[in-house]
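Here is how the chains run, residue by residue.
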Amino acid sequence: MGVRGLTTYIASNAERFLEPHELHDTDLVIDGDNLCFQLFVRSEERMGAFGGNYDHYFRAVVEFFETLRKCNVQPWVLLDGGYEQCKLKTVRSRMLGRIQFVKSVRPGSNRLIIPLLMREVFVDAMHAAKVPFMRCLFEADNEVAILARKLDCPVLSYDSDFYIHNVKYIPYVTLNHKIYRKVIENEDNYKIEVLNKKGGKNRSKRVLLKQGEGPLEEENVRSSYCYLDCSLYTIESLIGKDDRLKPEMLPLFAALLGNDYIGRKILARFYASMKVGKISRKVAVHQRRVVAILKWLKHHSLQSATRTILNQVQEKHRDGLLRQLEGAMYGYNCEACSAFGYFGFEESHPSEAVDDGAVKFREYLAKNEDEESAADELEESDDNEVEVDVGEEVSENEAKSDEELSEEEEEESEELEKDTSSTTANTFIWEPWLLEIYQAALTPRFVVDLYHSNLYINYPQVEDINQPDSNELCYDLLRFIFVLLKSSKRATTFRYLTRCERVAQFRWLTFEKRIEDGVIFEPDGRKDLVLLKAAFTDFSNCKDIFKAISLLPVNMQMFFLCVVFWATKQTSVTPVHVHALIVCLIQLQMIDKRLPNKSRDAKVFQQNQKTYLDNQQKTFQKTELPPPAQPSKATFIKLSTTISKPEAILTYDLLLPHFSINDRLLRRHGELDRSTAHIYAQFQAVVLNIFTLNGLLSHPLQPIRMHECYNGLFVHNVYQTLKSRQDPLEYLRETVFRYSGTMFTIHRMLYEWVLALVPLLQRRSQSRTKSVTMVPQKVKEFVQRKKEQTKQMVDNDCLLNAKSSDDEDTDKDVEYNDLNNQFSQLML
């Protein structure tokens, strides 16, 4: 949710609020979506404009959890779910910012765009690392805080909400990914080593610190452990050991600062009326609001502070604001935790239900209790302090006239009237079958939005803003998903939030529920392939598609089902687009598995493998291509198992440069090929929707693992290499797969498999060839015309055919001045 300004305030006073901490031998509750994004930022650097390097990101996530395991840290990951109604305004604002960035993004941008399938890859990585996780129905912050309190362990995140929750909080940015090993003989004699992550506990890289005299003898070592260096925050750091601020005031403090649920505009009049005296000049201007509110709350009880705030809001708006404050109080004080039971823990002392917390808050405010009056004047201050009026701290967007402010308050109040607090989400009745697969993250998070709010939010990828959004190909699939979710509900329409064409704005669409004849969905049924086929009823060769799918290895079936859907629906897809995807599949599924832990840096790889590569290139005997065979599971298994390590490493050497961004694109005026980016963004949208449909139908096909199928930068580079080739397939045989006839055979077999199901691809290939051959002819004709025009200019076209009858008898050698040539007189 986020509390505005609090992270900056804590960071600028880190020595006061954060304490050094060694993370080891403990449980750790992790804010999953936050960690998901932080690891993506850490792994991607400047390569986010090509749609996701999922293989690289997958390895980064697995390595992180492996690091925790080496320090004996047990992670419990909670993922965010759908959007609550009261957060839609924030969602629209973020959507607009992302659209504007997508419109002007460049390949070398330092700002990254979250790839469409990043969260699904994060879930796959947690499965691979055997990390327990759960997806919450809505925002996970409250569940994270409650679970951490029940387990009495820290929280790992980078969200300012956890400065308010009463938990031990480790900000992710303070966490060092290096593994340290501390060897202790006694309090005065110990050493700290930095471990090599690839080695075991006893394999140290270097000694970082030595305390005490004399060597540490193994027989005298009292204890040793591995840990991660980080900083720890506790609530006592903010409220003070002398309880300068009561803990029950913290939710109100967060609300006054403003968050995703309560905007600052609605509280502008309160800020203008709040006087707090003088604040030290050492406090930065943008942090004075935080200090001022803390100072003001010290002189109020929860009841008096809330009443003062409500009195500064127009009476007709108070009820809406009060509901928002109730929601904030409920979120910070709730103790109901579904994750505790989901992970198999048992309550020793079950907590009481707190569903009526908001009602109790209203009753509390209604009590007539005697309160100590707030101090009229604050302590005198010295010359190093300045008088602060919090109303002056309002941003430029908020500092407006009373009339404009009134209009904005009207808009805010309408939002408050429409929105409800988070407690209403808990009263929604969830169907058990959906709850089971959703909490296990077997479907994407947008499923809850469709089911609970009849809403789909389509964040744009890196695509061409002049074309319809990349999800347009999947509208029918999306309707079908909605039909399955609402099979027992009365809802007939859902809203769709997406970007506009050509304009950096968002728009709303409405889709109606379409029920196909003969479609009966039984949620308790298992692996319903019939309903998956029903989503392809508009394909004339639907039966042929699913018959051909069964011939492929199970880990390729969904991927190529998506390829067929995409290549059929999108007429701009050419054979070159398909070739690039298949090359990427072979690289990630076949070559990488034979060469684990090989560097993606071409210079580093060639430096480490130079001798081996030189020897293999000299001695390698090119084998003949295997005889053609019909695609089948047995054929693919036989071919893939015959790929030798020399074949793999020589082919990897040829493909490795495609994992690096081209220097030409990193230049100041480097442009992204948006048409190509748009087509591959459409492919990812198809993958997400078919993945969702497959999950709702209990996985009749093995779920696609994008880290084994797709690397956006690699695919983009391969496409740029192949698009100018007259015969891409022949180029692959002679260049890319020249050391491996087996891999080329696999590639050709997969391509012909796609071609048989999408015969229009061949026609698109022929039209592309014609356009390529006609270009040189046009250039030749253009050059010929230019030569003729130049010849006429040389022959002095001013006098061409300009003879008069009087000139016919004149001498032909008469001198003349060429007006087109200023040096013509020099020729006389």
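- You'll find the chain entered in an unreviewed UniProt entry as XPG N-terminal domain-containing protein, with Aedes albopictus given as the organism.
- As its UniProt record puts it under Sequence similarities (unreviewed entry), the chain is described as follows: "Belongs to the asteroid family."

**Describing the packing of helix H3 (residues 32–44) against helix H4 (residues 54–70)**
Okay, step 1: Packing of H3 against H4 brings their axes to within 9 Å, and their N-to-C directions diverge by 115°. The way H3 lies across H4 gives a crossing that is right-handed. The residues of H4 that touch H3, namely those facing Leu35, Cys36, Leu39, Phe40, Ser43 and Glu44, are His56, Tyr57, Ala60, Val61, Phe64 and Phe65.
Okay, step 2: Residue composition of the contact of H3 with H4, grouped by class: nine nonpolar, two polar and one charged.

**Examining the layout of surface pockets**
Okay, step 1: A volume near 1,600 Å³ is recorded for the second largest pocket.
Okay, step 2: Lining the second largest pocket are 41 residues, with His56, Arg59, Ala60, Glu63 and Arg600 positioned closest to its centre.
Okay, step 3: Broken down by secondary-structure element, the contributors of at least two residues to the lining of the second largest pocket are H3, H4 and helix H24 (575–594).
Okay, step 4: The leading source of residues in the lining of the second largest pocket is H4, at eleven residues.
Okay, step 5: Residue composition of the lining of the second largest pocket, by class: 14 nonpolar, ten polar and 17 charged.

**Considerations on the sheet that holds strand E2 (residues 26–31)**
Okay, step 1: Strand order in the open sheet formed by five strands is E4-E3-E2-E5-E6, and the pairing between neighbours is parallel. With one partner strand each, in any of the chains shown, strand E4 (133–135) and strand E6 (169–171) form the two edges of the open sheet. Neighbour-to-neighbour, the strand axes of this sheet turn through a mean angle of 25°, independent of strand direction.
Okay, step 2: Pairing analysis gives six bridges linking E2 to strand E3 (residues 73–79), with the strands arranged parallel. Counterpart to aspartate 27 in the pairing with E3 is glutamine 74.

**Some points on the nonpolar core**
Okay, step 1: Judged by nonpolar contacts, the single largest core of 157 residues is most densely connected at Phe65, Phe122, Phe560 and Trp566.
Okay, step 2: In terms of residues, this core owes the most to one element, H24, which gives twelve residues.
Okay, step 3: Look past the residues within four positions of phenylalanine 560 in its chain and what remains in contact with it is Ile549, Leu552, Ile582, Leu585, Leu750, Trp753 and Val754.
Okay, step 4: If you look at the next biggest cluster of nonpolar residues, it comprises 63 residues, including Leu238, Leu256, Cys337 and Ala339.

**Details of H4**
Okay, step 1: With 17 residues, H4 ought to run about 24 Å at 1.5 Å a step, and its terminal C-alpha atoms sit 24 Å apart, in line with that.
Okay, step 2: Listing the buried residues of H4 in full gives Tyr54, Asp55, Tyr57, Phe58, Val61, Phe64, Phe65, Thr67, Leu68 and Lys70.
Okay, step 3: Just downstream of H4 lies asparagine 72, where phi reads positive at about 55°.

**Here's the deal with the pattern of salt bridges**
Okay, step 1: Per the stated rule, a full pass over the model turns up 18 salt bridges.
Okay, step 2: Put simply, arginine 499 and glutamate 463 hold a salt bridge, and the shortest N to O gap is 2.7 Å. A residue pair is termed long-range when its members are at least 10 positions apart, and arginine 499 in strand E14 (residues 493–499) and glutamate 463 in the loop between strand E13 (455–457) and helix H20 (475–485) qualify at 36 residues.
Okay, step 3: Judged by its relative accessible area of 2%, arginine 499 is buried.
Okay, step 4: Residue arginine 502 pairs with glutamate 501 through a salt bridge whose shortest N-O separation is 3.8 Å.

**Remarks on helix H22 (residues 542–549)**
Okay, step 1: All buried positions along H22 are accounted for by Cys542, Ile545, Phe546, Ala548 and Ile549. Viewed along the axis of H22, the buried residues span an arc of 160°, placing them on a single side of the element. Of the residues in H22, the exposed ones pointing more than 90 degrees away from the buried face are Lys543 and Lys547.
Okay, step 2: Lining the buried residues of H22 we find helix H21 (529–534), helix H23 (554–569) and helix H31 (741–757).

What counts and what doesn't
Starting from 1, residues in each chain are numbered consecutively following that chain's sequence as written. Confidence filtering applies because this is a predicted model: local features only for residues at pLDDT of at least 70, side-chain atom pairs given and counted only at 80 or more, and all residues used for totals across whole chains, interfaces and linings. As a convention, hydrogens and water are excluded, and side-chain values are obtained from all of the structure's heavy atoms. UniProt positions are given in the numbering used here, feature names are shortened, and annotations may be inferred rather than shown by experiment. What counts as an axis is a line fitted to C-alpha atoms, over the stretch in contact for a helix, and the angles between N-to-C directions run from 0 to 180 degrees. Numbering of helices and strands runs from the N terminus; a helix is a DSSP stretch of H or I covering at least four residues, while a strand is a stretch of E covering at least two. Helix crossings are classified by the rotation of the near helix relative to the far one: an anticlockwise turn of less than a right angle makes the crossing left-handed, while a clockwise turn makes it right-handed. Note on definitions: a residue-residue contact is assigned when non-hydrogen atoms from the two residues lie within 4.5 Å. For this scheme, ten residues count as nonpolar: Ala, Val, Leu, Ile, Met, Phe, Trp, Tyr, Cys and Pro. Four count as charged, namely Asp, Glu, Lys and Arg, and the remainder, Gly too, count as polar. Here a cavity denotes a set of grid points, spaced 1 Å apart and computed over the protein atoms alone, in which a 1.4 Å probe fits but from which it cannot get out, and a pocket denotes an open set meeting protein on both sides within 12 Å along at least five of seven lines; residues with an atom within 4 Å of a point are reported as lining. Grid points are joined across faces, edges and corners, and a volume is the space filled by probe spheres set on the points. In short, DSSP must find at least two bridges between two strands for them to pair. Buried residues of nine kinds, namely Ala, Val, Leu, Ile, Met, Phe, Trp, Tyr and Cys, make up a nonpolar core once their side-chain atoms join them within 4.5 Å. For every residue, the accessible area (1.4 Å probe, protein chains only) is compared with the maximum for its type, and the residue is labelled buried under 20%, exposed over 50%, or partly exposed between those bounds. Here, expected helix span is obtained from the residue count minus one, scaled by 1.5 Å. Salt bridges are defined as contacts in which a side-chain nitrogen from Lys or Arg sits within 4 Å of a carboxyl oxygen from Asp or Glu. Within this analysis, the arc is defined by the directions that extend from the helix axis to the C-beta atoms.

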